[in-house]
Amino acid sequence: MANNWNQDIQTFKRGFDGGTRPNRFVVAGEIGGNDRQQVSPLLVKGASIPAQTLGIIQVPFRGRAAKIPGDRAYAEWTFTMIDTNNSGDSDAPQQNWRRLFERWHEGFNKHLENTAEHAGVLDGHDENWYTNWTVTQLDMQGNELSDRAVTLVGCWPTEVGAIDLSYDTADTITEYSVTLAYDYITLSDGSGESSGFST
């Protein structure tokens with residue numbers, strides 16, 4: 001006998017509790033370096049929950065292919081920052097966040113000298129240069145969803161994106177992207193703790 005599916009819109013709406021919203025999130029992380037700096041979460045205007053990818057090992061067998069889980073891979077993660085006016089008249093502490101990202105990026109390979117800040121930066125012994133970043137979804141009341149947080153471990157910047165400038169651009173503020181490489185992720189389990197390796 002065929003299933004008789006419910007057609008009631010209210011039942012449908014209750015089925016996903018209103019859903020989650022892509023504009024309700026918070027990103028927390030630090031800029032690495034000799035003086036680590038916590039980034040203001042309100043300035044991260046766009047991000048993503050990173051993809052989780054396993055490779056596929058295909059083993060041929062008599063005209064078919066058996067598919068076996070392969071190695072895990074982590075693509076780079078990109079987020080978008082609002083560019084602040086650090087010379088403004090606000091009484092709040094001002095930071096040129098882009099310049100801090102640029103200094104962090106430069107520490108791995110200096111523009112002129114073509115060297116790292118020091119040997120410990122590249123071999124991982126100086127952990128100040130590798131930071132953890134967490135992206136968390138929020139509910140409609142602004143509360144963090146404890147089982148919707150992902151932490152990226154061992155981040156460092158591969159790119160500080162361009163800022164496009166033009167006389168033709170109006171009614172917008174400047175923004176730029178930052179791309180981080182990382183070693184692995186941990187997933188929150190709903191208890192406020194992360195599963196997987198310790199961070």
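Above this text you will find the structure in question.
Okay, so let's go over this structure.

What counts and how
- Residues numbered from 1 in each chain as written.
- Predicted model: local features only at pLDDT ≥ 70, side-chain atom pairs only at ≥ 80, totals over all residues.
- Heavy atoms only, no water.
- Helix = DSSP H or I, 4+ residues; strand = E, 2+ residues; numbered from the N terminus.
- Rg over C-alpha atoms; globule rule 2.2 N^0.38 Å.
- Buried < 20%, exposed > 50% of the residue type's maximum accessible area, 1.4 Å probe, protein only.
- Contact = heavy atoms within 4.5 Å.
- Lys, Arg positive; Asp, Glu negative; His and termini not counted.
- Charge placed at Lys NZ, Arg CZ, Asp CG, Glu CD.
- Salt bridge = Lys/Arg side-chain N within 4 Å of Asp/Glu carboxyl O.
- Core = buried A, V, L, I, M, F, W, Y, C linked by side-chain atoms within 4.5 Å.
- Phe/Tyr/Trp six-rings, centres within 6.5 Å; stacked < 30°, edge-to-face > 60°.
- Lys NZ or Arg CZ within 6 Å of the ring centre and 35° of its normal.
- Pairing = 2+ DSSP bridges.
- Patch = residues over 30% accessible without salt bridge, like charges linked within 9 Å, V, L, I, M, F, W, Y side chains within 5 Å.
- Areas by Shrake-Rupley, 256 points an atom, 1.4 Å probe, with all protein chains shown as cover.

Scanning the chain from terminus to terminus reveals 3 helices and 11 strands. Counting helices and strands in the order they occur from the N terminus, the chain gives α-β-β-β-β-β-β-α-α-β-β-β-β-β. Here the C-alpha radius of gyration of the chain, 22 Å, is well above what a compact globule of 199 residues would show, namely 16 Å. Projecting the C-alpha coordinates of the chain onto the three principal axes gives extents of approximately 75 × 50 × 40 Å. The buried share of the chain, taken over its 199 residues, is 26%. Pairs at least 24 residues apart make up 60% of the contacts formed inside the chain by residues separated by at least 6 positions. The distance from the centre of the 15 positive side-chain charges to the centre of the 27 negative ones in the chain is 12 Å.

Take the pattern of salt bridges next. Evaluation of the coordinates by the stated rule reveals 6 salt bridges. For Arg36, the salt bridge identified is with Glu30, shortest N-O distance 2.7 Å. Note on Glu30: relative accessible area 24%, which makes it partly exposed. Residue Glu102 pairs with Arg99 through a salt bridge whose shortest N-O separation is 2.5 Å. Here the residue Glu102 and the residue Arg99 both occupy positions in helix α2 (residues 97–106), the gap between them amounting to 3 residues, near one helical turn. In the salt-bridge network here, residues are joined through shared partners; they are Arg98, Arg99 and Glu102.

Counting residues in each nonpolar core, the largest one holds 26 residues, and the members touching the most others are Trp77, Phe79, Met81, Phe101 and Trp133. Elements with a contribution of two residues or more to this core: β1 (25–31), β6 (77–82), α2, β7 (131–138), β8 (144–160) and β9 (175–181). The element best represented in this core is β8, accounting for 4 residues. Setting aside chain neighbours within four positions, we find Trp77 in contact with Val27, Ala47, Ser48, Pro50, Trp133, Val135, Leu152, Val178, Thr179, Leu180 and Tyr182.

The subject of this paragraph is the packing of aromatic side chains. On inspection of all chains with the given rule, the structure shows 10 aromatic pairs. We note Arg98 situated over the ring of Tyr176; from NZ or CZ to the ring centre the distance is 5.1 Å.

On to the environment of Pro41, then. With respect to the helices and strands, the residue Pro41 is situated in the loop between β2 (37–38) and β3 (44–46). Sequence-distant contacts of Pro41, that is, excluding residues within four places in its chain, are made with Val26 and Val27.

Here we take up unusual backbone geometry. One non-glycine residue, Asn114, lies in positive phi territory at about 60°. Tracing the sequence through the fold places Asn114 in the loop between α2 and α3 (119–123). Despite not being glycine, Asp171 has its phi angle at roughly 55°, a positive value. By secondary structure assignment, the location of Asp171 is in the loop between β8 and β9.

Of the two faces of β6, the one lined by Trp77, Phe79 and Met81 is fully buried and the one lined by Thr78, Thr80 and Ile82 carries no buried residue. By the bridge criterion, 2 bridges tie β3 to β6 in an arrangement that is antiparallel. Note that in β6 the partner of Gly46 across the bridge is Thr80. Bridge count between β6 and β9: 6 bridges; the pairing is antiparallel. Looking at the pairing, Thr78 lines up with Thr179 of β9.

The next thing to look at is the environment of Pro157. Along the chain, Pro157 turns up in strand β8. Residue Pro157 is classed as buried on the basis of its relative accessible area of 2%. Taking the C-alpha atoms as reference, Pro157 lies 11 Å from Leu100; in sequence the two are 57 residues apart. The contact partners of Pro157, leaving out residues within four places of it in the chain, are Trp104, His105, Phe108, Thr179 and Leu180.

Turning to α2, a few remarks are in order. Here α2 has its buried residues at Trp97, Arg98, Phe101, Trp104 and Glu106. Check the buried side of α2 and you find it contacts β1, β2, β6, β7, β8 and β9.

For the rest of this paragraph, the subject is a nonpolar patch on the surface. A surface patch of nonpolar side chains, amounting to about 320 Å² of accessible area, comprises Ile9, Phe12 and Phe16. Of note, Phe12 is situated in helix α1 (residues 9–14).

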